[in-house]
Amino acid sequence: MMSHSTEARRGPEPPDISERGGMNAGQPQRTHTRLLMQLLAFGGCADSRPLAEALTRAGVAGVLYEDMNDPRGVALLTFSESPAVFLDSVRPLLNQAPFASLVQKPEYTMVGRTYSLGYEPDLLDVLLQRPRRTVLNRDWPWAVWYPLRRSGRFAQLPADEQRVILAEHGAIGMSFGAADLAHDIRLACHGLDKDDNDFVIGLIGKDLYPLSAIVQAMRKTQQTSLYLERLGPFLVARAVWQSPL
């Protein structure tokens, strides 16, 4: 017979999967809201204007790109706080004319979610609004999108060492952003894509050369030179249509 003094066995504590920011007005910031972004690429498009017109009629939030390295290539970036939008709104649109005749290039499919680093002064702006402002800025039409996967060795490093390595990487990105040369989109895609990548990166700017220059500068960092298992493929493109901000 169980003693009354015996405590009932407790189950495992539920994980905290919220995004956290820095203190704001003396209060910690937490949210479960994130922005999901999906990039789909297609071939066989000789004229992108009918695609742009269809997107305008459908009221889709996103960007239509022309692929610089494929004379008949286009890519569509869409985003939402709800993953259901990609199935309930974007999917039907892509199965109708004029998109239905295009040939999808699955090797360029990228999908991810915004995430926090833990010290953002305005958490919701970083997660929801800044990515939208970046990709929908008509003064920044050029884009380089690519996925990456870190090696398992990085995950085994002590947290302090990881922070130093990431800070080196981040300092380059901030310097390019402060000079209005390149602005980044960082998405986590753990378990969301078929190639098991860790992140999707979008580099956005008014000119193409600085986007190539920041990739070149990043090659010298410890993260890229020592701890990346896979990088790319790279989609280099220019926006031909952007939804209203």
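Residues numbered from 1 in each chain as written. Predicted model: local features only at pLDDT ≥ 70, side-chain atom pairs only at ≥ 80, totals over all residues. Heavy atoms only, no water.

## Quick word on the overall build of the chain
Stage number 1. Looking only at helices and strands, the chain features seven helices and 12 strands.
Stage number 2. When each of the 245 residues of the chain is scored for burial, the buried share is 47%.
Stage number 3. Taking the contacts inside the chain whose residues are at least 6 apart along the sequence as the reference set, 76% of them involve residues at least 24 apart.
Stage number 4. Approximately 13800 Å² of the chain is accessible, and the part contributed by carbon and sulfur atoms is 54%.
Stage number 5. Distance between charge centres in the chain, computed from 26 positive and 27 negative side chains, equals 1 Å. (Helix = DSSP H or I, 4+ residues; strand = E, 2+ residues; numbered from the N terminus. Buried < 20%, exposed > 50% of the residue type's maximum accessible area, 1.4 Å probe, protein only. Contact = heavy atoms within 4.5 Å. Areas by Shrake-Rupley, 256 points an atom, 1.4 Å probe, with all protein chains shown as cover. Lys, Arg positive; Asp, Glu negative; His and termini not counted. Charge placed at Lys NZ, Arg CZ, Asp CG, Glu CD.)

## Describing the packing of aromatic side chains
Stage number 1. For the coordinates displayed, the defined rule picks out three aromatic pairs.
Stage number 2. One Lys or Arg, Arg186, reaches over the ring of Tyr115 and ends 5.3 Å from the middle of that ring. (Phe/Tyr/Trp six-rings, centres within 6.5 Å; stacked < 30°, edge-to-face > 60°. Lys NZ or Arg CZ within 6 Å of the ring centre and 35° of its normal.)

## Some remarks on unusual backbone geometry
Negative phi values dominate among residues other than glycine, just as trans dominates among peptide bonds.
Stage number 1. Geometrically, the link from Ala97 to Pro98 is a cis peptide bond, its omega value of 5° lying close to zero.
Stage number 2. Summarising the element assignment, Pro98 is placed in the loop between helix 2 (84-94) and strand 6 (103-104).
Stage number 3. Omega for the peptide link from Gly232 to Pro233 comes to 10°, which places this bond in the cis form.
Stage number 4. For Pro233, the location among the structural elements is in the loop between strand 11 (228-231) and strand 12 (235-242).
Stage number 5. At Asp180, a position not held by glycine, the phi torsion is positive, near 60°.
Stage number 6. Judged by its relative accessible area of 25%, Asp180 is partly exposed.
Stage number 7. Within the chain, Asp196 stands out as a residue other than glycine whose phi angle is a positive 60°.
Stage number 8. Within the secondary structure layout, Asp196 lies in the loop between strand 9 (183-188) and strand 10 (199-205).

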